[in-house]
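Listed below are the residues making up each chain.
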Amino acid sequence: MLFSALSKQRCQFSSTIRLFSLTSWTRSDFAELRTLSAEKGLPSSVDVVICGGGLVGASVAYHLAQMGWGPRTILLEQASLGGAPTWNTIGLVGVFKPTLAQVRLCQTSMEMIRDLEALGLPTGWKQCGSLCLARTSDRMTVFRRMKSLSISWNIDCELVTPIEAQRKCPLIAIDDLKGGLWIPGDGVGDPYTLCSSLLKLAVSKGLRVYENCSVSSVIAKNGRVDKVVTPYGGINCSAFVNTAGFWARELGARSLPPVKIPIHPVEHYHLLTVPMNIDPMMPVVRDLDGYIYFREYEGCIVAGGFEPVAKPAYENGKIPSTQAERSLPEDWDHFSVLLEQLLIRIPSVGETRPQKLSNLPEAFSPDCKWVVGEAPEVERYYIASGMKTVGISAAGGVGKAIAELITKNKTSYDMYEIDISRFLGLHNNTKFLRERVCEVPGLHYSLIYPFHEFQTGRKLRMSPIFTSLKDAGAVFGQVMGYERPSWFEHTGAISSSEQDNPSKNSLKKGERGNLKQDVYDGGTPYRIASTNTFSKPPWFNYVAAEYAACRETIGLSDYSSFTKLELWSKGDEVVKTLQYLCSNDVDVVDGSIIHTGMQNEMGGYENDCSLVRLAHNHYMMVAPTIQQTRSKVWIQRHLPKDGSVCLSDVTSMYTAICIMGPLTRSLLSELTEQDLRPKSFPFFTYKEIDVGLANGIRALNLTHTGELGYVLYIPNEFALHVYQKLIETGEKYGLKHCGYYAMRALRVEKFYAFWGQDLDTTTTPLECGRTWRVKFDKGEFIGRSALLKQQEEGVNRMYVQLLLEDHDEETDIWPWGGEPIYRNGKYVGATTTTGYGFTFKQQVCLGFIMNLDEKGNKQKVTSDYVLSGDYEVDVGGRLYSAKVNLHSPNLPTKYPDQERQAYSATRNKMIYEPILRAVP
């Protein structure tokens, strides 16, 4: 039976494959492993319980054992270890991942494999290299960017032509290829052999393993892990690790209190051919534009892929309880999308026949990233799930990170982008997950353009002015489930043809594949933002006009998605608590606003926020949207245990409207009777005001972009009224709606750092020019010792602004973040945030630079070092000369304002500089 007869014999293939399908079986690798019987009794107490004996759980156990915690740890596996066939887990080991943080975790996994091999322990490791293929010019642009990044990420790779690609893998057809990327250090491993070796080593150092023992629930006491309940009794413990993989979400739901782990299974296929006499060292091939990957396995081809529209599994909510029940019948029609691409890439497969086809669902998170870290709901409850088929690549790094968190309460990795605290409860909604995971697996191999937006799970969180913004032409992005305008593009009324055929712009009922960016809902189309290029974006002119309004007239932007928390106490407990949490001095005059970091013990940013002192013992905190769960949990875990300080999340209580521009004071003065003159309402202060007929509006005299203006925090019931008054009155001032992209352009040009893009858990205030926001003399605060030490020794990297000198924004590839920076021809760092400077009329890149010696060791970085070099930025393989800035630039304006110009966002020569410098 030939694959080339696909269109006629699909049903026959299905029957043939069923004859070869395997259920579950136990690998001999585990035969010598000393395991214990839970039926004979479990320990009554232990320090750490790991649930799940797969590769990630084994890695956590291994690293704990390496740290001396083996005798203090037990591992529980609900079935027998090794209950699945090797070919069914593809075993691809690749280090190139979307971000440096994920790359570092994968590099740790490679190091772990090498360490085991050096000890003579089997891992199934084969360094055959990997070959990524490109069918389009944009894909080659991605490869050129990857090649540029490879220097800083320490990954050996090279761009290859189609002919060179075919030499690496003679099986492939190359007629439709533009080129490829060869990564010689990649390879394949055997997850089961590796898992066995890890557990054997951990057991030799004191780990106890119990097979056929499930976890019924995890019980917390006073907010911390206290007991693990099993069918064979309870185990008192101080830490629990959920590495249950496919079953992690269900296990989390059974905990008391429930732990939300947003993952959902989708069908995932692997095809095994009959032997084809293939070179055992054939590289792993990833045909990204064809959604497929394949490798050699015992002379056969094993192939799989990530179809653009995936099929959720177990939509009835009944998750199988065992590995054997996890396998599903094959859906040949669904798999045909991948098979057809496989036949294009390896024509010779069409002359052979299938041996096996498996449909073994894998669990994915809503954003296609791993789910790792400490559960927000319960302290010392750790999670490592959502490995999305690449567990062997991630296991070593993730296991080490979890082990460090358990033993040291900190980790050497920057984990924020994969930390479970990036989610809200809405992300764990089952219906949301079913819809979202339709598109998530396809992101593995999709062309991810800048500012990628999901098409599913939309219109969840919307401010009261959402419809008005949509009618004004908003094109929406989504952050933490919140719809916020990216830019505005007024297109007038919807056409009659669209009214007659609304399905043209919407998802058809039951059709997952029709992921449109315009959705008709009976009025102005709801539009989802897209860029779809690595060059000059299609929204450029719209954003330019919005930027101009913010600098010359008035721009109005919806800030409602920002995290908003309130803290208060009867006495001064809240002040003392915030003084300990914050590196800046928060004991300021009532009505003041303070910008501060919340540092960790290493001095890095756990949070970057503005604190508004509403009253003597009452504060409102405003933080980035993505910090809603993270910042709340961080604060909660540092509150006094006596309950004297109260914390409340008020994000959804207020609509935040920012008006910015030189004419904002005139506009707002027409709508309120309160005195807005600088003497009565100075910069960086708060005042409660009336607007129109509404009252109780918290007005902040700042904009977070450096422009003149105010942010109005409006009780939701008044939001639409206030918005309408601003629009009506603002018409004569030339008020213009503005989206997030314009705000981003303003802050990049002003050299403003932003958490999650420029700042993270490893970045300190001293490195990014914010020493003046750290008040060492106020008393003890988290991170003070680390920052004092860094102040004494000096920093080994420094935050800079670079202006590209010879970049043509019309024709050249744009910088989008992550570009390597060179000083005097030598690599010194990478960009973080980039954007076009509409005042500079140049590309602006923010980033960090280092001083590396000949061996690559970091040396002290000084201002003289920074300013004495000649700089270039590598954008997609081409070097552009750049001018470096260490200070926030003074941008020319028609409306100078001494009050706000006195404020400096980034870096000043004074160490202890107040927020407001004296104005001459």
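Predicted, not measured: the structure shown is a model, and the values here were computed from it.

Rules and cut-offs
- Residues numbered from 1 in each chain as written.
- Predicted model: local features only at pLDDT ≥ 70, side-chain atom pairs only at ≥ 80, totals over all residues.
- Heavy atoms only, no water.
- Helix = DSSP H or I, 4+ residues; strand = E, 2+ residues; numbered from the N terminus.
- Contact = heavy atoms within 4.5 Å.
- Areas by Shrake-Rupley, 256 points an atom, 1.4 Å probe, with all protein chains shown as cover.
- Buried < 20%, exposed > 50% of the residue type's maximum accessible area, 1.4 Å probe, protein only.
- Pairing = 2+ DSSP bridges.
- Phe/Tyr/Trp six-rings, centres within 6.5 Å; stacked < 30°, edge-to-face > 60°.
- 1 Å grid on protein atoms, 1.4 Å probe; cavity = no way out; pocket = protein on both sides within 12 Å on 5 of 7 lines; lining within 4 Å.
- Points joined across faces, edges and corners; volume = space filled by probe spheres on them.
- Nonpolar A, V, L, I, M, F, W, Y, C, P; charged D, E, K, R; others polar.
- Axes fitted to C-alpha atoms, helices over the stretch in contact; angles between N-to-C directions.
- pLDDT = per-residue confidence, 0-100.
- Salt bridge = Lys/Arg side-chain N within 4 Å of Asp/Glu carboxyl O.
- Parallel < 35°, antiparallel > 145°, perpendicular 65-115°, else oblique.
- Left-handed = near helix turned anticlockwise from the far one by under 90°.
- Core = buried A, V, L, I, M, F, W, Y, C linked by side-chain atoms within 4.5 Å.

A. Geometry of the overall build of the chain. Scanning the chain from terminus to terminus reveals 22 helices and 44 strands. Partitioning the intrachain contacts of the chain with sequence separation of at least 6 by distance along the chain shows that 72% fall at a separation of at least 24. When the accessible surface of the chain is summed, it comes to about 34800 Å², and 50% of that surface belongs to carbon and sulfur atoms.

B. Structural detail: the pairing of strand 22 (residues 381-385). Burial analysis of strand 22 places five of its five residues in the buried class, which makes it a mostly covered element. Where burial is concerned, the two faces of strand 22 agree: the one with Y381, I383 and S385 and the one with Y382 and A384 are both buried. Here four bridges tie strand 21 (residues 371-374) to strand 22, and the two strands are oriented antiparallel to one another. If you follow G373 over to strand 22, its bridge partner there is I383. Taking the residues between adjacent antiparallel strands as the criterion, strand 21 and strand 22 are bridged by six residues, where R380 takes a positive phi near 70°.

C. Geometry of helix 19 (residues 740-749). The buried count for helix 19 comes to nine of 10 residues, which makes it a mostly enclosed element. All buried positions along helix 19 are accounted for by Y741, A742, M743, R744, A745, L746, R747, V748 and E749. Trailing helix 19 by a residue or two, F751 shows a phi angle of about 70°, which is positive.

D. Up close: the packing of aromatic side chains. Considering all chains together, one arrives at 35 aromatic pairs under this definition. An angle of 85° between the planes, with centres 5.9 Å apart, marks the rings of F540 and W814 as edge-to-face. With a gap of 274 residues between them, F540 in helix 14 (residues 540-552) and W814 in the loop between strand 38 (797-804) and strand 39 (820-823) connect regions that are remote in the sequence. For the residue pair F540 and W814, the accessibility class agrees, reading buried in each case. Through a chain of ring-to-ring contacts, three or more aromatic side chains come together here, namely F451, W487, W539, F540, Y547, Y740, Y741, W814, W816, Y836 and F838.

E. Fine view of the pairing of strand 41 (residues 842-852). Within strand 41, 11 of the 11 residues are buried, leaving the element largely enclosed by the surrounding structure. Sheet analysis places strand 38 next to strand 41, joined by seven bridges and oriented antiparallel. Counted as the bridge partner of R797 is M850 from strand 41. Here strand 40 (residues 826-837) pairs with strand 41 via seven bridges, running antiparallel. What sits directly across from G835, in strand 41, is V844. Linking strand 40 back to strand 41 in an antiparallel pair, the connection comprises four residues, with K841 at a positive phi of about 55°. As paired strands, strand 41 and strand 42 (residues 858-859) are joined by two bridges and run antiparallel to one another.

F. Expanded view of empty space enclosed by the protein. One pass over the full model with this rule turns up five cavities of 30 Å³ or more. Taken as a whole, the largest cavity encloses approximately 540 Å³ of empty space. As for the largest cavity, its lining consists of 35 residues, and the residues nearest its centre are F562, T703, H704, T705 and F754. For the lining of the largest cavity, the element with the highest residue contribution is helix 19, accounting for four residues. Of the residues in the lining of the largest cavity, the class split is 18 nonpolar, nine polar and eight charged. Of the volumes computed, that of the second largest cavity is approximately 140 Å³. Lining the second largest cavity are 15 residues; nearest its centre among them are W539, Y741, R744, G835 and Y836. When residues of the lining of the second largest cavity are assigned to their parent elements, the largest contribution, four residues, is made by helix 19. Of the residues that constitute the lining of the second largest cavity, the class distribution is 12 nonpolar, two polar and one charged.

G. Representation of the sheet that holds strand 16 (residues 284-287) within the structure. Pairing in this open sheet of eight strands is mixed, and the strands run 6-7-5-16-17-18-15-19 from one edge to the other. What marks the edges here is a single partner per strand, and that holds for strand 6 (158-160) and strand 19 (354-359). When strand polarity is set aside, the average angle formed by the axes of neighbouring strands in this sheet is 20°. Taken together, the five bridges between strand 15 (residues 269-273) and strand 19 define a ladder with antiparallel strand orientation. Residue pairing in the sheet places L271 in a bridge with L357 of strand 19. Strand contacts of helix 4 (residues 137-153): strand 5 (130-134), strand 6 and strand 7 (179-183), with the helix running at about 140° to strand 5, the strand carrying the most contacts.

H. View of the confidence of the model for the chain. Of all residues in the chain, 89% attain a pLDDT of 70 or more, and the chain-wide mean is 89. A low-confidence stretch, residues 909-920 stays under pLDDT 50, and its non-local contacts, those more than four residues away or across chains, total 26 contacts.

I. Examining the sheet that holds strand 11 (residues 224-230) more closely. With antiparallel pairing, three strands are arranged side by side in an open sheet as 10-11-12. In this open sheet, the two edge strands, each paired with only one partner strand, are strand 10 (217-221) and strand 12 (233-236). The sheet shows a mean angle of 25° between the axes of neighbouring strands, taken without regard to direction.

J. View of the pattern of salt bridges. Scanning all chains against the criterion turns up 33 salt bridges. Put simply, R630 and E606 hold a salt bridge, and the shortest N to O gap is 2.8 Å. A residue pair is termed long-range when its members are at least 10 positions apart, and R630 in helix 16 (residues 628-636) and E606 in strand 30 (residues 605-615) qualify at 24 residues. One salt bridge connects K750 with E707, and the closest N-O pair in it is separated by 2.3 Å.

K. Broad picture of the environment of G825. Its place among the elements puts G825 in the loop between strand 39 and strand 40. For G825, a relative accessible area of 58% corresponds to the exposed category. G825 sits 54 residues away from L879 along the chain, and the two C-alpha atoms are 10.0 Å apart.

L. View of the packing of helix 3 (residues 100-118) against helix 6 (residues 191-204). It is at 11 Å that the axes of helix 3 and helix 6 come closest, and there the two elements cross at 70°. With respect to their mutual orientation, helix 3 and helix 6 come out roughly perpendicular. For the element pair helix 3 and helix 6, the recorded crossing hand is left-handed. Judged by residue contacts, M112, I113 and L116 of helix 3 engage L194, L198 and L201 from helix 6. Of the residues that constitute the contact of helix 3 with helix 6, the class distribution is six nonpolar, no polar and no charged.

M. View of the side chain of S557. One can find S557 in strand 27 (residues 555-558). Ignoring sequence-local partners within four residues, the contact set of S557 consists of A656, I657, C658, M660, C738, G739 and M743.

N. Main features of the nonpolar core. Core analysis: the largest hydrophobic core is formed by 127 residues, its most contacted members being W370 and I402. Here the element with the most residues in this core is helix 10 (residues 391-408); it accounts for nine residues.

O. A look at unusual backbone geometry. Cis geometry marks the peptide bond from L256 to P257; its omega dihedral reads 0°. Counting through the fold element by element, P257 comes out in the loop between helix 7 (248-253) and strand 14 (264-266). With a phi angle near 55°, N277 is a residue other than glycine that sits in the positive phi range. Turning to its location among the elements, N277 is positioned in the loop between strand 15 and strand 16.

P. The environment of P815, seen in detail. Looking at the element boundaries, P815 is found in the loop between strand 38 and strand 39. Under the relative-accessibility criterion, P815 is labelled buried at 1%. Note: C-alpha distance between P815 and C845 (30 residues apart in sequence) is 7.7 Å. Apart from the residues within four sequence positions on either side, P815 is in contact with L804, H807, T834, Q843, C845 and V875.

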